[in-house]
Amino acid sequence: DTAVSQTPKYLVTQMGNDKSIKCEQNLGHDTMYWYKQDSKKFLKIMFSYNNKELIINETVPNRFSPKSPDKAHLNLHINSLELGDSAVYFCASSQDHRGDSYNEQFFGPGTRLTVL
Amino acid sequence: AQTVTQSQPEMSVQEAETVTLSCTYDTSESDYYLFWYKQPPSRQMILVIRQEAYKQQNATENRFSVNFQKAAKSFSLKISDSQLGDAAMYFCAYRRGFGNQFYFGTGTSLTVIP
């Protein structure tokens, strides 16, 4: 069973389009994240949701809008795509229980977004 | 804010040899967690090993072990008997004892030479 899944895995689109990436986790975690990994492999946190509430919102253009319909899902919608948005986007989840040994992040397979 | 530094952008090792990847972090907290993640060309992020700051014993997972020096704020990863499948990008990560934010280093690209 896939713990954290993302769809699609590849996304090629034209500049100016609007696209969404979906993420689902079946681990029962209460926190979910979106990361952007650029061509140099740097991982940058974009958003974090805890029990459907936004708790981290880094300096990200407001063209990016996360939506969490429930604890198990965190989707990323991107408006007016630009060339610089080309990257790999990772969804992740974790459980916020102090003392819980399983406190690492679990990552989805990533979505490679290419903007032409 | 916490920062995680990986000073080796690239490393290489001969197959069957041992290699150590370095990681340092900056924090004023006493309770936290440290992780090493591996990202092979498939791009999937895979947890290699974790360490709780309150545990003095260094974590080990088969051929992977860490050297955790809390006072020096150092968390290096040792890979013994390196295999071709170990070739990947390795990320060091820090998590506070409370809260949900993780801090990642910039990664070390490991090449394994046959």
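What comes next concerns the included structure. (Residues numbered from 1 in each chain as written. Chains lettered and ligands numbered in written order. Predicted model: local features only at pLDDT ≥ 70, side-chain atom pairs only at ≥ 80, totals over all residues. Heavy atoms only, no water.)

**Some remarks on unusual backbone geometry**
The omega torsion of the bond from T7 of chain A to P8 of chain A falls at -5°, within 30 degrees of zero and hence cis. Of note in the backbone geometry, K73 of chain B takes a positive phi value of approximately 55° without being a glycine. Within the secondary structure, K73 of chain B sits in the loop between β8 (64–69) and β9 (74–79). (Helix = DSSP H or I, 4+ residues; strand = E, 2+ residues; numbered from the N terminus.)

**Focus: the layout of surface pockets**
Approximately 200 Å³ is the volume attributed to the largest pocket. Contributing to the lining of the largest pocket are Y35, L43, K44, I45 and E58 of chain A together with Q2, T3, V4, Q101, F102, Y103 and F104 of chain B. Mapped by element, the contributors of at least two residues to the lining of the largest pocket are β5 (43–50) of chain A together with β1 (3–5) and β11 (102–104) of chain B. Among the residues forming the lining of the largest pocket, the class breakdown is seven nonpolar, three polar and two charged. (1 Å grid on protein atoms, 1.4 Å probe; cavity = no way out; pocket = protein on both sides within 12 Å on 5 of 7 lines; lining within 4 Å. Points joined across faces, edges and corners; volume = space filled by probe spheres on them. Nonpolar A, V, L, I, M, F, W, Y, C, P; charged D, E, K, R; others polar.)

**Looking at the state of the cysteines**
Linking two cysteines covalently through their sulfur atoms gives a disulfide. All names here are of chain B. Under the defined criterion, the tally for this structure stands at two disulfides over all chains. Disulfide partner of C23: C92, at an S-S distance of 2.0 Å. Handedness of the C23-C92 disulfide follows from its S-S torsion of about -70°: it is left-handed. Taken together, the positions of C23 in the loop between β3 (19–21) and β4 (24–26) and C92 in strand β10 (residues 88–96) put the pair 69 residues apart, joining distant regions of the chain. Of the two residues, C23 and C92, both sit in the buried class. (Disulfide = S-S within 2.5 Å. Buried < 20%, exposed > 50% of the residue type's maximum accessible area, 1.4 Å probe, protein only.)

**Examining the pattern of salt bridges**
Residues and elements named next belong to chain A. For the structure shown, the criterion picks out six salt bridges over all chains. R63 is paired through a salt bridge with E82; the nearest N and O atoms lie 3.5 Å apart. Of this pair, R63 sits in the loop between β6 (53–57) and β7 (64–70) while E82 sits in the loop between β8 (73–78) and β9 (87–94), placing them 19 residues apart in sequence. By relative accessible area, which is 13% here, R63 ends up buried. Residue class for E82 comes out partly exposed when judged on its relative accessible area of 41%. Note that R63 and D85 form a salt bridge whose closest N and O atoms lie 2.8 Å from each other. Of the two residues, R63 is situated in the loop between β6 and β7 and D85 in the loop between β8 and β9; the sequence distance between them amounts to 22 residues. (Salt bridge = Lys/Arg side-chain N within 4 Å of Asp/Glu carboxyl O.)

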